[in-house]
Amino acid sequence: MGAMFRSEEMSMVQLLIQPEAAYQSVAELGELGIAQFRDLNTDINMFQRKYTSEIRRCEEMERKIGYIRREIVKDSVAIPDMPEVIPRTPNSREIIDLEAQLEKTENEIVELSENNNALLQNFMELTELKHVLEKTQVFFSDKSNVQNLEATGGEAANDGKPLGFVAGVISRERIIGFERMLWRVSRGNIFLRQATLEESLVDPKTGDSVHKIVFVAFFQGEQLKARVKKVCAGYHASLYPCPNEYNEREEMLRGVRTRIEDLKMVLGQTQYNEREEMLRGVRTRIEDLKMVLGQTQDQRQRVLLNVAKEVPNWEIIVKKVKAIYHTLNMFNVDVSKKCLFGEAWVPTAGLQDVKTALVNGSAAVGSAVPSFLNIIATDEDPPTYNKTNKFTRGFQNLIESYGIATYREANPALYTIITFPFLFAIMFGDLGHGLILFLLGMWMVLWEKTLDKNKEEIWQLFFGGRYIILLMGIFSMYTGFVYNDVFSKGMNIFGSAWSVNYNTSTVMTNKELQLNPTTDYSETVYWYGLDPLWMLATNKIIFLNSFKMKLSIIFGVVHMIFGVCMSLVNHNHFNRRVNILLEFIPQMMFLVLLFAYMCFMMFFKWIMYSAVTDEDHLKPGCAPSVLIMFINMMLFKNQEPLETCKEFMFEGQDTLQVIFIVLGLICIPWLLLAKPFYIMFKRKGKSAEHGSEVAHQSSSSNHHDDEPMSEIFIHQAIHTIEYILSTISHTASYLRLWALSLAHAQLSEVLYNMVFTIGLRNDSYVGAIMIWLVFWPWSVLTIGILVGMEGLSAFLHTLRLHWVEFMSKFYEGLGYAFKPFSFKAILEEEEAD
């Protein structure tokens, strides 16, 4: 039961473990997840600790697994999700076997990858060479190359030297800069021909598709040739040898002018035959490479498919082993180096489980010397550990978003399970809208295993509150039933207590028919909730305004009184019972005598006054305003009653109110001075009776004893002013329940009247079609605005009421969370990242 009302009791323990059993013992504790270890080597560098080499081995295994995963993903092979059954922690021999297996797998994949990349590189080069041979045929057969070079103004175009050329392939995005650079280095003495490749090529290094262009650069002289090759290297252009008989043909043409035409024909045919022969060879090699590539890819695919099944288990095992050695680095070694000792926070209820884990760890390695656990005393504040399940976790997260509870402080999450959805429902009271929230929450609850696989941060934040949404929907349906409000329409389930005592003609001709409570009201109360006739009344907003405003004040005061009562629980648990007299009683008196009295008068007014009362001085017009009465009460001012009405609701009310005000004012100096004076007198008494030694010992039991009295008086003054003013402001803050409830109901009614009624104005068949058409925008606006936006607004206001108005009465929230060494938590965090 203690875990439900406050955090678990914690113990600081010292673990004495033999080095040979340390790994297995910590592994057992990691499986349990109940020990938060302390770092005893904060003054030692991480690289100088005992198990640094083992951590580096784990990091090397992580690197290999990461490489294997990347290669698997690169080949589009599916990797299974994290297994539901987490593999067990390996022993030392199994770790060595895993290292060997990873080394073998990595080498095999590296070898396959290198072979595959080499084949792909060769295949791309041959493909580019094929395109160079095919695309440049027209360049070499064009007789205008020399004429084009002469037209560029080349200095050596007419000196009789043969034309040289360089052929290759370059990326399409680099061709513009490449062409411009050639023109600059040659001063316009280079003629560039180019042709775009229709098909894209695959880069063997990155696997991306690239578009390339075949080019041939014509020039004269070795100097320009060297420049062209440097520019090609700078722009990462691939150069390929291309057979050319143009120079030989020119030499033969100058020597044998009479046979120039025949020689040109022969040379041209020879050039074509050489190129065709080379093309046939290239095509043959490409086909062979395709076959080898296919076989290599199949072999690589088979290896990766087999490995992909093991990758998730390998990752989990390595993470667990690495976490174990990181934890062992927090341990210290005794002088003899024969024993490791560490310290950890452990829930007191789990001490036996820790002892069992140490025994199992020693037994697993056959250690003859057992491990020990000692409970040690400490002045440190223990961590806060609240046990949760999938139902309570969402509510606990709401509380811890404000602050982690101080150790063993009363846990508000237990009560928030009821109060949070209830206060939300007061603002969101609509049976239809609540049903939508309920169905949404029920969907996430029933299919939670499937939906939990989506690890997006926003979705996990929303999905974590599925039970909160479910309860908010249930409570909203309840309050909607009380408000008699379903999508802004009322329900007549139990029959109205009002009756129309007029004939048909009167009813049809009077647009605003008034009902007389004396004759038209049956004096019976509607069985549950609001009478449906109020939904048709023109003064409905006035009635609901008064009803919901009073309701919000009543629930607000009850909620704050409950918060003050929770401070009593904390005072009693922490053995600060003197605070009950010095703080709790004056706080409770101030709240009850003023604001709880105001709530009492609301109930008293509802009981004493009704619309059909005929008793003297209790007529309907004589019912006093509770708000005005409370203001006059605080100002010691009497109200001016009507001639036929009494000033007060009961005899002696004026005297009782004066007594309450005086007692409430007495509570202010009580809160302001009682506790500081008590501390001051206590210090003087201890100093006089027992001396300074006893006074020093008592400082551990009261954290005020080490503060100067001036600080105590200042802190108590701040606390008193904050409580007195906050009691008034917090009571007014609960009026947000009234405001949002009224706004939600009116928005729903406006949306219904302005959108849905469009389809109800026609009573023919066209009206049915119009209803079907209008229903969709109405439903979208209902879900988007009234359920989505209004629901979020009500949620945030409810959260504020709990954090500020409720929890500030008793909740310090100065603790820190218990974060045990747990494999499950480590893996969940890694998966979320």
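Since this is a predicted model, take the numbers as computed values, not measurements. Each chain carries its own residue numbering, running from 1 in the written order of its sequence. The predicted origin of the model limits local features to residues at a pLDDT of at least 70 and limits the giving and counting of side-chain atom pairs to 80 or more, whereas totals for whole chains, interfaces and linings rest on all residues. Computation of side-chain values: all heavy atoms of the structure, hydrogens and water removed.

### Re the UniProt feature "transmembrane region" (unreviewed entry) in the protein chain
UniProt positions are given in the numbering used here, feature names are shortened, and annotations may be inferred rather than shown by experiment. Residues annotated in UniProt with the feature "transmembrane region" (unreviewed entry) correspond here to residues 422-446, 458-481, 551-569, 589-608, 656-674 and 765-787. What counts as a helix is a DSSP run of H or I of at least four residues, what counts as a strand is a run of E of at least two, and both are numbered from the N terminus. The distance separating the terminal C-alpha atoms of residues 422-446 is 23 Å; by composition the span is 88% helix and 0% strand.

### So, the packing of aromatic side chains
Any pair of aromatic rings gets described here by the distance separating the centres and the angle formed by the planes. Here a pair means two rings of Phe, Tyr or Trp (six-membered ring of Trp) with centres within 6.5 Å. Their orientation is stacked below 30 degrees between planes, edge-to-face above 60, and tilted elsewhere. In this structure the tally under the stated criterion is 46 aromatic pairs. Here Phe595 and Phe630 contribute two aromatic rings whose centre-to-centre distance is 5.7 Å and whose plane-to-plane angle is 45°, an arrangement assigned as tilted. With a gap of 35 residues between them, Phe595 in helix α22 (residues 578-608) and Phe630 in helix α23 (residues 626-634) connect regions that are remote in the sequence. Like Phe630, Phe595 is buried. Classification of residues uses two cut-offs on accessible area relative to the type maximum, computed with a 1.4 Å probe and protein chains only: under 20% is buried, over 50% is exposed, and between them is partly exposed.

### Thoughts on the side chain of Asn484
One can find Asn484 in the loop between α18 (466-483) and α19 (504-509). With a relative accessible area of 3%, Asn484 lands in the buried category. The residues touching Asn484, leaving out its near neighbours within four places in the chain, are Lys489, Gly490, Met491, Tyr526, Leu530, Asp531, Pro532 and Met535. Only heavy atoms enter the contact rule, under which two residues are in contact if any of them lie within 4.5 Å.

### So, the pattern of salt bridges
If charged atoms from side chains of opposite charge come close, those side chains can pair. The salt bridge criterion pairs a side-chain nitrogen of Lys or Arg with a carboxyl oxygen of Asp or Glu, the two atoms within 4 Å. Considering all chains together, one arrives at 18 salt bridges under this definition. When the shortest N-O distance is used, the salt bridge between Glu448 and Lys390 registers 2.7 Å. Of this pair, Glu448 sits in helix α16 (residues 448-451) while Lys390 sits in the loop between β11 (372-375) and α13 (393-402), and the two are 58 residues apart along the sequence.

### Quick look at helix α8 (residues 222-234)
One full turn of an α-helix is made of 3.6 residues, so residues set three or four places apart face in the same direction. What a helix is expected to span follows from its residue count: subtract one and scale by 1.5 Å. For α8, spanning 13 residues, the distance from its first C-alpha to its last is 18 Å, which sits close to the expected 18 Å at 1.5 Å a residue. Taken together, the buried positions of α8 are Leu224, Val228, Val231 and Cys232. All buried residues of α8 lie within an arc of 100° about the axis, which places them on one face of the element. In α8, the exposed positions that point more than 90 degrees away from the buried face belong to Glu222, Gln223, Lys230, Ala233 and Gly234. What the arc describes is the spread of directions from the helix axis to the C-beta atoms.

### So, the packing of helix α4 (residues 92-135) against helix α11 (residues 311-328)
Angles shown run from 0 to 180 degrees and are taken between the N-to-C directions of axes, each axis being a line fitted to C-alpha atoms and, for helices, limited to the stretch in contact. Look at α4 against α11: their axes get within 12 Å of each other, and the N-to-C directions meet at 130°. Between α4 and α11, the crossing angle belongs to the class labelled oblique. Relative to α11, the crossing made by α4 is left-handed. Packed against α4, whose contacting residues are Ile95, Leu98, Gln101, Leu102 and Thr105, the element α11 presents Trp314, Ile317, Val318, Val321 and Tyr325 at the interface. Polar here means any residue outside two lists: the nonpolar Ala, Val, Leu, Ile, Met, Phe, Trp, Tyr, Cys and Pro, and the charged Asp, Glu, Lys and Arg; Gly therefore counts as polar. Its residues assigned to classes, the contact of α4 with α11 shows eight nonpolar, two polar and no charged. Note on terminology: angles under 35 degrees are roughly parallel, angles over 145 are roughly antiparallel, angles of 65 to 115 are roughly perpendicular, and the others are oblique. Crossing chirality is assigned from the near helix's rotation relative to the far helix, an anticlockwise turn below a right angle marking it left-handed and a clockwise turn marking it right-handed.

### Some thoughts on the sheet that holds strand β4 (residues 191-196)
In any sheet, the strands associate via hydrogen bonds between backbone groups, in a parallel or an antiparallel arrangement. Think of it this way: DSSP has to see at least two bridges between two strands before they count as a pair. Sheet architecture is open: four strands sit in the order β4-β7-β3-β8, paired in antiparallel fashion. The outermost strands of the open sheet, each flanked by one partner alone, are β4 and β8 (238-240). The mean angle between the axes of side-by-side strands here comes to 25°, regardless of whether they run parallel or antiparallel. Where strand β3 (residues 164-171) meets β8, three bridges bridge the pair, whose relative direction is antiparallel. Opposite Gly168, over in β8, you have Leu239 as the bridge partner.

### Focus on unusual backbone geometry
One non-glycine residue with positive phi stands out, namely Arg408, at about 65°. Structurally, Arg408 can be placed in the loop between α13 and α14 (413-427). Positive phi is not limited to glycine here, since Asn484 has a value of about 55°.

### Observations concerning the packing of helix α7 (residues 175-186) against α8
Between α7 and α8, whose axes approach to 10 Å, the crossing angle comes to 150°. Relative to α8, α7 is oriented roughly antiparallel. The crossing of α7 and α8 is right-handed. Residues Phe178, Met181, Leu182, Val185 and Ser186 of α7 lie in contact with α8, whose contacting residues are Leu224, Arg227, Val228, Val231 and Cys232.

### A short note on the environment of Leu513
Relative to the helices and strands, Leu513 resides in the loop between α19 and α20 (517-520). For the pair formed by Leu513 and Val500, sequence separation is 13 residues and the distance between their alpha carbons is 9.1 Å. Excluding residues within four positions of it along the chain, Leu513 makes contact with Val500, Tyr502 and Val507.

### Observations regarding the environment of Phe600
As for its placement among the helices and strands, Phe600 is situated in helix α22. Distance from Phe600 to Ile554, taken between C-alpha atoms, is 8.8 Å for residues 46 residues apart in sequence.

### Let's talk about a nonpolar patch on the surface
Nonpolar side chains (Val, Leu, Ile, Met, Phe, Trp, Tyr) within 5 Å and like charges within 9 Å form the patches, drawn only from residues with over 30% relative accessible area and no salt bridge. Per-residue and other accessible areas follow the Shrake-Rupley method at a 1.4 Å probe size, with only the shown protein chains counted as cover for residues. On the surface, Phe636, Val658, Ile659, Val662, Leu663, Leu665 and Ile666 cluster together to form a nonpolar patch covering roughly 590 Å² of accessible area. Relative to the helices and strands, Leu663 resides in helix α24 (residues 653-698).

### Side note on helix α25 (residues 709-733)
With 25 residues, α25 should cover 36 Å at 1.5 Å per step; its first-to-last C-alpha distance of 35 Å lies within 8% of that length. One axis is fitted to the seven residues ending at the residue and one to the seven starting there. The bend at that residue is the angle between these axes. The largest bend in α25 amounts to roughly 35° and is located at Ser726. Met709, Ile712, Gln716, Thr720, Tyr723, Ile724, Ser726, Thr727, His730, Thr731 and Ser733 are the residues of α25 that are buried.

### Here we look at the confidence of the model for the protein chain
This prediction gives the protein chain a mean pLDDT of 83; 87% of its residues lie at or above 70. Within the model, the stretch residues 149-158 combines pLDDT values under 50 with 16 contacts to residues more than four positions away or in other chains. Between residues 246-272, whose pLDDT stays under 50, and residues either more than four places distant or in other chains, the model counts 18 contacts. A score from 0 to 100, pLDDT tells how confident the predictor is in each residue.

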